[in-house]
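If you want the building blocks of each chain, they are given just below.
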Amino acid sequence: MNDIGEFTLLIALAVALYGCAAYVMAVRGNRIDLYLSADKTPVIVWVCVVISSAALWRGFITNDFSLQYVWAYSNKELDTFYKLASFWGGQKGSLLFWTLILTTYMNVVYFQNRKKNIRLMPYAMAVMLVIIIFFLLLLNFSTNPFERIPLPPEDGRGLNPLLQNYWMVIHPPTLYLGYVGFTVPFAFAMAALISKNLDDGWIRLTKKWTLLAWFFLCMGNLFGASWAYVELGWGGYWAWDPVENAAFMPLLVATAFLHSIQIQEKKDMMKVWNMSLVLLTFVMTIFGTFITRSGLIQSVHTFDEATLGYYFLAFLAAIVIVCVYLILTRLPLLKSKNELDSLLSREASFLINNLMLLGIGFATFWGTIFPIISEAVRGVKITVGPPFYNQVNVPIGLVLLALIGIGPVIAWRRATWVNLKKNFQIPVIIGLVTAAVLFPIVPLGGRSEIFTYVTFILCAFVMASILREFLNGTRARMSLEEGGNFFGELGILTWRNKRRYGGYIVHIGMVLIFAGIAGSQSYSIHDQKHLKIGESLKLRDYTLTYEKLTVVEATSVKTRVIAQIGVYKNNKRVWTGRPEKEFYKGQNQPVTEVDVRSTIVEDIYIILADFSEDESATIKVYLNPMVSWLWTGGWVIAFGTMICMWPDRLEQRRRLDRMKKQEAIFAPAQE
Amino acid sequence: MKTHQGILAILLALALVAGLASSAGAAAVLADIENALMCKCDDKCGKVLINCTCSTADKTRAEYTKMLDSGLTVDQIINMQVDKYGETVLSSPTKSGFNLTAWAMPFVALLAGGFGISKIMESWKRKGAPEDQDTGDEEAPSKSAKYSSRIQEELDKIES
């Protein structure tokens, strides 16, 4: 089976090379026979990659330690659940997993569009095949997952204990689905540039793909934060690690695109800008992969054998050069109407929104690469950690938060002062009331506390501004529909305007995330104490009593040491926490498994920091306010995105109407 | 009477905030150091000390607590660590010399971007409709009537 897995990778490469060449030659030579032949290749490549992936999974399930990759990331004792996830635990498998997702996406695109978009499809398929060829070249000739060990050992080295968490099964695939998903919009954008079909066709084809990839990347980042929170035991969820940054940057650029694309749809503006954003999003995903796999930048996420840096750098350089060349040579065709009625309009606010998103993106990029720049210029390697990102990104993020409240309710074309007053009066009043109510309650000692205070005020303003939109729309429906109830009409309003109100729901999710980050970052308190059994630790209005220590031989390679902590509030037992340390045979450091009691107000987060033979233990406790807001915000975003992506015939009809109107309006100008 | 109760409530709230601030004080000083310095463990974990849970990090924290107890200030402790391990022990670049570019560049880029966008918007605006063109808002007979007609328009579009 291993031979088959290795062989199918080679076949996949050969077929992908043929398919790519055949698509290009078919279009260039106008040869339908070649086109029909090329059209068979996406499925063949996918089948080959699926067989190869199945072979590797089989290696994990059957403990085939003749495969170096299986030996390095699995052992006999590993749960089947984690054996399946070990597939993407190392560099080789993760590249195969990337290829598997990409070929799957390519086939979905193929079956969706093969009969509909003949002008763009050959080029889009060729572009996707080029990217697949790059990955298949690496898999075949540089980092082969089917590399053998001549004398197979009895047992494997095992999966890193930190990765033995259920999030390992969820977080990386979600992140990859997002990362790889941006290839589809990139491929269609490139197809439009190469074929010079630069009308809005490529945008219609790719908008939902961008949203889908954005959704997965967003959820992937949140899942990663959740994993870090429960596994790493430092009470936090985001450390501005270079690899976290690498997943954050494409998300920012894609968010900018998802906003500015609305201007192109509504007003036929900003074609060059939108094209650049789509290309940049993909470039950022490759840059992120370069960081993870180059070993150039120190990160907790870097793969052990991070040796592919130069290949990814070369690929990145090639993509950038091709993108810049195509945009420059197609500039006349990307000419937009680009007329602005007023600086006080939704178009202008979206431009500022783009500036802020890209500002955060650039600051994050700059912070990520600055250690390399510093080493090159001064010969001194420095660290750029959370204090830098917090100081630089937080002020920009606050402007962005304000814009979430301003953008959607400001009028298209031109807002008047009357219009502004009408739309913003209530949200501003609610923001001011929040400021007044919070002023005596929250501490305002340092810069971070002031930023938090401002964040809460802006959250109230934005939330009021969004809820007002829902309220007004529902009321208007109720006034027109006799006898309709509020929630029924609210549902109909949202369902009949999925993109608009789904977008507002996503914004509500963002507000919750902003509030959660602000509250948990600024008001978290913690304490640590060495306790004997029966002794207690007090933290604010909680008393934590250390009750017992239990040692459990979970498996032949894993021992769990569990502390039992009774948590009391006002002399009433509210929870029993069971933080633990897990010891794995052959691993130097034990793994911390925290225990968390999460409520809407705060999390009680308990860590077993250390223990002694006399059963005394060092217990560390955090009270992290509002962390659950962050996760709730994530689910609200997921809900809103689903509404936005739901197929909408009415929206399609409206778009056709808009296009007809635009054609009528712009036809003379384009002549 | 009501005024007295109000003053008492405000004083109690202020006392609570002050109490919270002072109890957090000692921990906050150590947290300042933990935020400013990286963990120095042999595994080169690459984590800021406050985020690190390895045994080296625990020892380092104990060491800094002792230093603080001995009367050293946060700045003195940080400087001692820089002398010992070099600049790489700092969790963020210093705000001097070449490192200043790390801090300044994002804002310079933002300003440049803002300037560029304002120029672009102005040029687009010149191409657009004149400012005094009527948008209908001020001339509307009444706000509710205008709003209703807008909703009606939208509903027509939805239901067409």
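Here the structure is a predicted model, which means the values were calculated and not measured.

### Details of the overall build of chain A
Okay, so step 1: Summing up its helical and strand segments, chain A has 21 helices and 10 strands in all.
Okay, so step 2: In summary, chain A has a C-alpha radius of gyration of 27 Å against a globular reference of 26 Å for 671 residues, a match within 12%.
Okay, so step 3: Over its C-alpha atoms, taken along the principal directions, chain A stretches across nearly 85 × 70 × 60 Å.
Okay, so step 4: A buried classification covers 60% of the 671 residues belonging to chain A.
Okay, so step 5: In chain A, the share of contacts with a sequence separation of at least 24, taken over all contacts with a separation of at least 6, comes to 72%.
Okay, so step 6: Total accessible area on chain A is roughly 27400 Å²; 64% of this is exposed by carbon and sulfur atoms.

### Brief notes about the overall build of chain B
Okay, so step 1: For chain B, the count of helices and strands is five helices and zero strands.
Okay, so step 2: Listing the helices and strands of chain B from first to last along the sequence gives α-α-α-α-α.
Okay, so step 3: Sequence-distant contacts in chain B: of pairs separated by 6 or more residues, those separated by 24 or more amount to 37%.

### What about a nonpolar patch on the surface?
Residues and elements named next belong to chain A.
Okay, so step 1: A cluster of nonpolar side chains, namely M1, I4, W46, V47 and I51, defines an oily patch on the protein surface of about 390 Å² accessible area.
Okay, so step 2: Take the nonpolar patch: its biggest share by element is three residues, from helix α3 (residues 41-61).
Okay, so step 3: Relative to the helices and strands, I4 resides in helix α1 (residues 2-29).

### So, the domain arrangement of chain A
Okay, so step 1: Per the domain assignment, the segments making up chain A are domain 1 (1-146), domain 2 (386-522 + 632-670) and domain 3 (525-627).
Okay, so step 2: A C-alpha centroid distance of 41 Å is found between domain 1 of chain A and domain 2 of chain A.

### Some points on the confidence of the model for chain B
All names here are of chain B.
Okay, so step 1: Residues of chain B with pLDDT of at least 70 account for 59%, and the chain-wide mean is 71.
Okay, so step 2: The low-confidence segment residues 131-142 (pLDDT under 50) makes 15 contacts with residues lying over four places distant or belonging to another chain.
Okay, so step 3: If you check the scores for this complex, the pTM reads 0.86 and the ipTM reads 0.81.

Calculation rules
- Residues numbered from 1 in each chain as written.
- Chains lettered and ligands numbered in written order.
- Predicted model: local features only at pLDDT ≥ 70, side-chain atom pairs only at ≥ 80, totals over all residues.
- Heavy atoms only, no water.
- Helix = DSSP H or I, 4+ residues; strand = E, 2+ residues; numbered from the N terminus.
- Rg over C-alpha atoms; globule rule 2.2 N^0.38 Å.
- Buried < 20%, exposed > 50% of the residue type's maximum accessible area, 1.4 Å probe, protein only.
- Contact = heavy atoms within 4.5 Å.
- Areas by Shrake-Rupley, 256 points an atom, 1.4 Å probe, with all protein chains shown as cover.
- Patch = residues over 30% accessible without salt bridge, like charges linked within 9 Å, V, L, I, M, F, W, Y side chains within 5 Å.
- Salt bridge = Lys/Arg side-chain N within 4 Å of Asp/Glu carboxyl O.
- Domains from an automatic or database assignment.
- pLDDT = per-residue confidence, 0-100.

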